[in-house]
Amino acid sequence: MTAVVVDATTKDVLMVAWMNEASYRLTKQTGETWFWSRSRPRKLWHKGATSGNTQVVKEMWLDCDQDTLLVRVDLAGPACHTGARYVFQPGAGKGRLRCKI
């Protein structure tokens, strides 16, 4: 399922990732975000395990179709692996996309 991760204080959208049953269960058990990767040989990953930029879960909300999860977090650092606060950056629509939609 799609997981939209937002800053619990500012409500800024930090990232979008995917959760399966195992990553959802780990997130609930540990209180920190875990995701299922579609690009990293389909494995589970703990946000911040390498960088230290963990996300402490404050609340999780399921949408009315039960196919998207809103995860409100307190973060220990940037959400993006590039060091940017968010994975979404301004100006993305001005250049060419790297993938086909």
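Definitions and cut-offs
Residues numbered from 1 in each chain as written. Predicted model: local features only at pLDDT ≥ 70, side-chain atom pairs only at ≥ 80, totals over all residues. Heavy atoms only, no water. Pairing = 2+ DSSP bridges. Helix = DSSP H or I, 4+ residues; strand = E, 2+ residues; numbered from the N terminus. Axes fitted to C-alpha atoms, helices over the stretch in contact; angles between N-to-C directions. Contact = heavy atoms within 4.5 Å. pLDDT = per-residue confidence, 0-100.

Trainee: What exactly am I supposed to notice about the sheet that holds strand β2 (residues 13–18) here?
Mentor: Spatially, β2-β1-β6-β5 is the arrangement adopted by the four strands of the open sheet, whose pairing is mixed. Either end of the sheet is taken by a strand with one partner, and the two such strands are β2 and β5 (55–62). When strand polarity is set aside, the average angle formed by the axes of neighbouring strands in this sheet is 25°. Both strand β1 (residues 2–7) and β2 contribute to a ladder of five bridges, which runs antiparallel. Each bridged residue has a counterpart across the sheet, and for V4 the counterpart in β2 is V16. Against the sheet, helix α1 (residues 21–30) makes contact with β2, β5 and β6 (68–75), and its axis sits at roughly 120° relative to β5, the strand it touches most.

Trainee: Explain the confidence of the model for the chain to me, please; I cannot follow it from the model alone.
Mentor: Detailed conclusions should not be drawn from predicted coordinates in areas where pLDDT is low. Put simply, the chain has an average pLDDT of 87, and 88% of its residues get 70 or more. Ranking the elements of the chain by mean pLDDT puts strand β4 (residues 44–46) last with 92 and β5 first with 97.

Trainee: In this structure, what is going on with the pairing of β5? I would like to understand it.
Mentor: Consecutive residues of a regular strand have side chains that alternate between opposite faces of the sheet. By the bridge criterion, seven bridges tie β5 to β6 in an arrangement that is antiparallel. Across the sheet, the residue bridging to V57 is V73, located in β6. Here β5 folds back onto β6 in antiparallel fashion, the turn holding five residues, of which Q66 has a positive phi close to 60°.

Trainee: What am I meant to see in the pairing of β1 here?
Mentor: As consecutive antiparallel partners, β1 and β2 are separated by five residues, and within that stretch K11 has a phi angle of approximately 70°, a positive value. Pairing analysis gives six bridges linking β1 to β6, with the strands arranged parallel. Residue pairing for β6: V6 is matched across the bridge by R72.

Trainee: Even after reading the chapter, I still don't get the side chain of S23, so can you show me in this structure?
Mentor: As for its position among the elements, S23 is in helix α1. Beyond its immediate chain neighbours, meaning those up to four positions away, S23 contacts W18, W34, F35, W36 and L44.

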